[in-house]
Amino acid sequence: CFYKQSSLFEKCELCDNVDKYTCCKQCYNNSLNYELNYINIVKSIVEKVKGTIDFETSTIIFTGHSLGGILASVSSILYNKQAIVFESPGDRHYLNLVNKLKNTRYDENTRYDENIYHFGHNADPIYMGNCGSTCFALGYYINTKCHSGYTCLYDAKKKLGYSESILNHRIEYIIKHVIPNWEHDFPECIIRDDCEDCKEWVYI
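How each quantity is defined
- Residues numbered from 1 in each chain as written.
- Predicted model: local features only at pLDDT ≥ 70, side-chain atom pairs only at ≥ 80, totals over all residues.
- Heavy atoms only, no water.
- Helix = DSSP H or I, 4+ residues; strand = E, 2+ residues; numbered from the N terminus.
- Buried < 20%, exposed > 50% of the residue type's maximum accessible area, 1.4 Å probe, protein only.
- Contact = heavy atoms within 4.5 Å.
- Areas by Shrake-Rupley, 256 points an atom, 1.4 Å probe, with all protein chains shown as cover.
- Polar contact = N/O pair within 3.5 Å; in protein donor to acceptor, adjacent residues only side chain to side chain.
- Pairing = 2+ DSSP bridges.
- Axes fitted to C-alpha atoms, helices over the stretch in contact; angles between N-to-C directions.
- Salt bridge = Lys/Arg side-chain N within 4 Å of Asp/Glu carboxyl O.
- Phe/Tyr/Trp six-rings, centres within 6.5 Å; stacked < 30°, edge-to-face > 60°.
- Lys NZ or Arg CZ within 6 Å of the ring centre and 35° of its normal.

This part covers the overall build of the chain. What the chain contains, in helices and strands, is eight helices and seven strands. Every one of the 204 residues in the chain was classed for burial, and the buried ones make up 42%. Relative to all contacts within the chain whose residues are 6 or more apart in sequence, the contacts with residues 24 or more apart total 64%. When the accessible surface of the chain is split by element, carbon and sulfur atoms take 52% of a total near 11600 Å².

Okay, here's the thing in structure tokens:
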């Protein structure tokens, strides 16, 4: 919810000395000016790919896990291609603040994010936006749960008896212990426009 000052980004004076639970939108926008922002790296990679294939007419599906999943959803929005994403943190908050969703619509009838499918389960605190102190110890603080496009949530707590743990986030674990159950019990995919992140925060 808060744009954390990092040596990886240019200093953002607007985010200094603000009240608790207050953050400046401009700090988010400034992050797009940083050459090594992941969104800019994605653009660079895709431009190189365009030099080897007919990108516009080819069937392209972006995919990824966790942070890679967020980059896949960003790519889907930037290039109007499909994305299949696994166990990513909530990306909608950041994308809205940097105007990448543009109110989530291409025009009156078409959504920017209608091609994105975020698959995950409720025993993964990163996917659910509950990874505070545990993730903070690893250098992250993840409290966003709202995803762009479709959220495809599997109830691993009820159906598999799992308890919430960051260990359940690992892609190897998902492949071996969660996804095999989807053959006859596929998660429902819903666009959750009513999802809210960072409700206690004010953005100025």
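Position of His169 among the secondary structure elements: in the loop between helix H7 (156-160) and helix H8 (171-178). Looking at His169, its side chain comes within polar contact range of the side chain of Ser66, at 2.8 Å. Those residues within four positions of His169 in sequence are excluded, and the remaining contacts are His65, Ser66, Glu87, Asp124, Ile126 and Ile174.

The mixed open sheet is built from five strands, whose spatial order is S2-S3-S4-S5-S6. Each having just a single partner strand, strand S2 (61-65) and strand S6 (189-191) make up the two edges of the open sheet. Recorded for the sheet is a direction-independent mean angle of 20° between the axes of neighbouring strands. In the packing of helix H3 (residues 67-79) onto the sheet, contacts are made with S2, strand S3 (82-86) and strand S4 (116-121), and the angle to S2 comes to roughly 160°.

Tallying each qualifying case throughout the model produces five salt bridges. Close ionic contact of Lys50 with Glu47 constitutes a salt bridge, the shortest N to O distance being 3.4 Å. Of the two residues, Lys50 and Glu47 are both situated in helix H2 (residues 38-50); the distance of three residues between them amounts to about one turn of the helix. Residue class for Lys50 comes out partly exposed when judged on its relative accessible area of 29%. A salt bridge links Lys157 to Glu164; the nearest nitrogen and oxygen atoms lie 3.4 Å apart. The class of Lys157 is partly exposed, set by a relative accessible area of 36%. For Glu164, a relative accessible area of 33% gives the class partly exposed. Here the residues in one salt-bridge network are Glu47, Lys50 and Glu56, joined through shared partners.

What follows is about the packing of aromatic side chains. In the structure shown here, the tally under the stated rule is nine aromatic pairs. Between Phe55 and Tyr79, the aromatic rings sit 5.6 Å apart at their centres with planes inclined by 80°, giving edge-to-face as the arrangement. With Phe55 in the loop between H2 and S2 and Tyr79 in helix H3, this residue pair connects regions lying 24 residues apart in the sequence. In terms of burial, Phe55 and Tyr79 fall into one category: buried. Ring geometry for Tyr162 versus Tyr173: centroids 5.9 Å apart, planes at 55°, classification tilted. One end of the pair, Tyr162, is in the loop between H7 and H8; the other, Tyr173, is in helix H8, and 11 residues separate them in sequence. For the pair shown, Tyr162 and Tyr173 are each scored as buried. One Lys or Arg, Lys81, reaches over the ring of Phe55 and ends 5.3 Å from the middle of that ring.

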